[in-house]
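Fold and contact review
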Amino acid sequence: MTLQKSIGRYHVAAQEDRSAPRTRIMIPAQLRASGARAFQTVVNDLSLSGFSATAINRMHLGSICWLTLPGLESLQAEVVWWESGVAGCAFTNLLSPIVHDTILARYRGDGSFRG
């Protein structure tokens, strides 16, 4: 599948999931822009289709990045906005509701892990 077809499919799916709740949360994580080194970040909110996270260095719109949450494989995403040290990213593949709910169940708003 070409990148354009994949992006097109994502945007259609993301529009369908715009009503999915975007949960405010604080999760310590790592974020890595394509071709760069990973840096420590905090995920500020999370939905099935994306997230926002702190990013002191400018992240360019359309660039590919990877989010690594504790205990999970890296999740590929695309930067859709950057403002005042916060990046908004859209997952390349929507999170499954089970993974989403598991992440939310593990973390409280203060970033504490619930075993």
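Data block above holds the structure.
Structural notes, computed from the coordinates. Every chain's residues receive numbers from 1 upward, in the order its sequence appears when written. Local features are withheld for residues below a pLDDT of 70 in this predicted model, meaning they are given only at 70 or higher, and side-chain atom pairs are given and counted only at 80 or more; totals for whole chains, interfaces and linings count all residues. Derived side-chain values reflect all non-hydrogen atoms in the structure, with water molecules and hydrogen atoms excluded from consideration.

**Overview of the sheet that holds strand β1 (residues 23–33)**
Here, any two strands with at least 2 DSSP bridges between them count as paired. Numbering goes from the N terminus for both helices and strands, where a helix is a DSSP run of H or I of at least four residues and a strand is a run of E of at least two. Overall, antiparallel pairing links the six strands, which are arranged β1-β2-β3-β6-β5-β4 in a closed barrel. Direction aside, neighbouring strands of the sheet carry axes that sit 45° apart on average. Bridge count between strand β2 (residues 39–46) and strand β3 (residues 50–54): three bridges; the pairing is antiparallel. Directly across from Leu46, in β3, lies its bridge partner Phe51. Angles shown run from 0 to 180 degrees and are taken between the N-to-C directions of axes, each axis being a line fitted to C-alpha atoms and, for helices, limited to the stretch in contact.

**Description of the pairing of strand β4 (residues 64–68)**
Working definition: with a 1.4 Å probe on protein chains only, accessible area under 20% of the residue-type maximum means buried, over 50% means exposed, and in between means partly exposed. Here β4 shows a buried face lined by Cys65 and Leu67 and an unburied face lined by Ile64, Trp66 and Thr68. As judged from the four bridges shared by β1 and β4, these two strands associate in the antiparallel manner. In the strand pairing of β4, Leu31 is matched with Leu67. Here β4 runs beside strand β5 (residues 75–83); their pairing, made up of four bridges, is antiparallel. Following the sheet pairing, Cys65 is matched in β5 by Ala77. What sits between β4 and β5 in their antiparallel hairpin is a turn of six residues, with Gly71 showing a positive phi close to 80°.

**Side note on the packing of aromatic side chains**
Working definition: rings of Phe, Tyr and Trp (its six-membered ring) pair if their centres are within 6.5 Å, and the pair is stacked with planes under 30 degrees apart, edge-to-face with planes over 60 apart, and tilted otherwise. Scanning all chains against the criterion turns up one aromatic pair. Ring centres 5.3 Å apart and planes at 40° place the aromatic pair Phe51 and Phe91 in the tilted group. Taken together, the positions of Phe51 in strand β3 and Phe91 in strand β6 (residues 86–91) put the pair 40 residues apart, joining distant regions of the chain. The class for Phe51 is buried, based on a relative accessible area of 1%.

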